[in-house]
Amino acid sequence: MSNVRFTSFPRTEPAPSFTLPIVAVFRAHESSICTKTLPKGLTSDNVLAELSSDLQSLGFKVETGKGKDSKIRRPVFFGEGGQPSLQYEIDAFHDGWKCGLEIEAGRGGMGNALYRDLVQALVMVELETLVLGVANAYRYQGGISRDYDKTVAVADALYGHSRIKMPYNLVVIGY
């Protein structure tokens, strides 16, 4: 039985058809990224590096480093001459699926990166699905943060509330 799990939102619709191949990438690398079985979790950059080649084989453009040319940017606004005037960075993006992917490690739950990811995805052009990879169990000096459970609870509130209509699908993957 795999420790990699996922939930998609809104819960009133089936998961996007490409969800299972993405989850399969996480499961293929479970022994090296699983936060339930490893004594110490990896950084988000290390998790992304571990998954990178398999994500690329699915058609994702993936961040390859911290340099300017290594980043994946998605436009938010276009300015003069149709050039992007504001862009946000994302860990990976699949043009055909209009799917963005973010990997969060330690600060995912504790540092509120989840909220940044959700808000930035709201305004990214042509993003129809956001996939968030988060730790099942992030270990820190004071205990364990259950980031997957916290992320799913926030998504339940956003996607289940009558005051909000989220403009994209969300898939939360716990690794």
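Scoring rules and cut-offs
Residues numbered from 1 in each chain as written. Predicted model: local features only at pLDDT ≥ 70, side-chain atom pairs only at ≥ 80, totals over all residues. Heavy atoms only, no water. Phe/Tyr/Trp six-rings, centres within 6.5 Å; stacked < 30°, edge-to-face > 60°. Helix = DSSP H or I, 4+ residues; strand = E, 2+ residues; numbered from the N terminus. Buried < 20%, exposed > 50% of the residue type's maximum accessible area, 1.4 Å probe, protein only. Salt bridge = Lys/Arg side-chain N within 4 Å of Asp/Glu carboxyl O. Core = buried A, V, L, I, M, F, W, Y, C linked by side-chain atoms within 4.5 Å. Contact = heavy atoms within 4.5 Å. Pairing = 2+ DSSP bridges.

Engineer: Explain the packing of aromatic side chains to me, using residue names and the numbers behind them.
Structural biologist: Each aromatic ring pair is specified by the distance between its two centres and by the angle formed by the two planes. One pass over the full model with this rule turns up four aromatic pairs. With a centroid separation of 6.3 Å and 35° between ring planes, the pair formed by F26 and Y175 is classed as tilted. With F26 in helix 1 (residues 19-28) and Y175 in the segment after strand 10 (169-174), this residue pair connects regions lying 149 residues apart in the sequence. The same class applies to F26 and to Y175, which are both buried. A centroid spacing of 5.8 Å and a plane angle of 80° characterise the contact between F60 and W97, whose relative ring orientation is edge-to-face. Here the residue F60 occupies a position in the loop between helix 3 (44-58) and strand 2 (61-62), and W97 occupies one in the loop between strand 5 (92-94) and strand 6 (99-103), the gap between them amounting to 37 residues. Aromatic ring contacts, followed pair by pair, group F18, F60 and W97 into a single cluster.

Engineer: Run through the pattern of salt bridges, naming residues and quoting values.
Structural biologist: A side chain of one charge can pair with a side chain of the opposite charge when the charged atoms of the two come close. Taken as a whole and judged by the stated rule, the model has twelve salt bridges. Overlapping salt bridges, with partners in common, bring together D45, E63, K66, K71, R73 and E89 in one network.

Engineer: Residue-level account of unusual backbone geometry, with values.
Structural biologist: For the bond running from F9 to P10, omega is 0°, close enough to zero to count as cis. Examined against the element boundaries, P10 turns out to sit in the loop between strand 1 (5-9) and helix 1. A positive phi is found at K98, a non-glycine position, where the angle reads about 55°. Inspection of the secondary structure assignment puts K98 in the loop between strand 5 and strand 6. Of the residues examined, K98 reaches a relative accessible area of 28% and is grouped as partly exposed. One non-glycine residue with positive phi stands out, namely E126, at about 60°.

Engineer: Help me get a handle on the nonpolar core, residues and values and all.
Structural biologist: Grouped together as the largest cluster of nonpolar side chains are 23 residues, with contacts concentrated most on I22, F26 and L101. For this core, the secondary-structure elements that each account for two or more residues are helix 1, helix 3, strand 6 and strand 10. What L101 contacts, discounting residues up to four positions off in sequence, is I22, F26, L48, L55, F60, I90, D91, A92 and V131. Of all hydrophobic cores here, the second largest spans 21 residues; its members include A121, L127, Y159 and V172.

Engineer: An account of the pairing of strand 6 is needed here, citing residue identities and associated values.
Structural biologist: Among the five residues in strand 6, five count as buried, and that is most of the element. Burial along strand 6 is two-sided: the residues C99, L101 and I103 and G100 and E102 are all buried. Bridging between strand 5 and strand 6 involves three bridges; their strand directions are antiparallel. Looking at the pairing, H94 lines up with C99 of strand 6. What sits between the antiparallel neighbours strand 5 and strand 6 is a turn of four residues, in which K98 has the positive phi angle 55°. The sheet contact formed by strand 6 and strand 7 (residues 129-134) spans five bridges and is parallel. Each bridged residue has a counterpart across the sheet, and for L101 the counterpart in strand 7 is V131.

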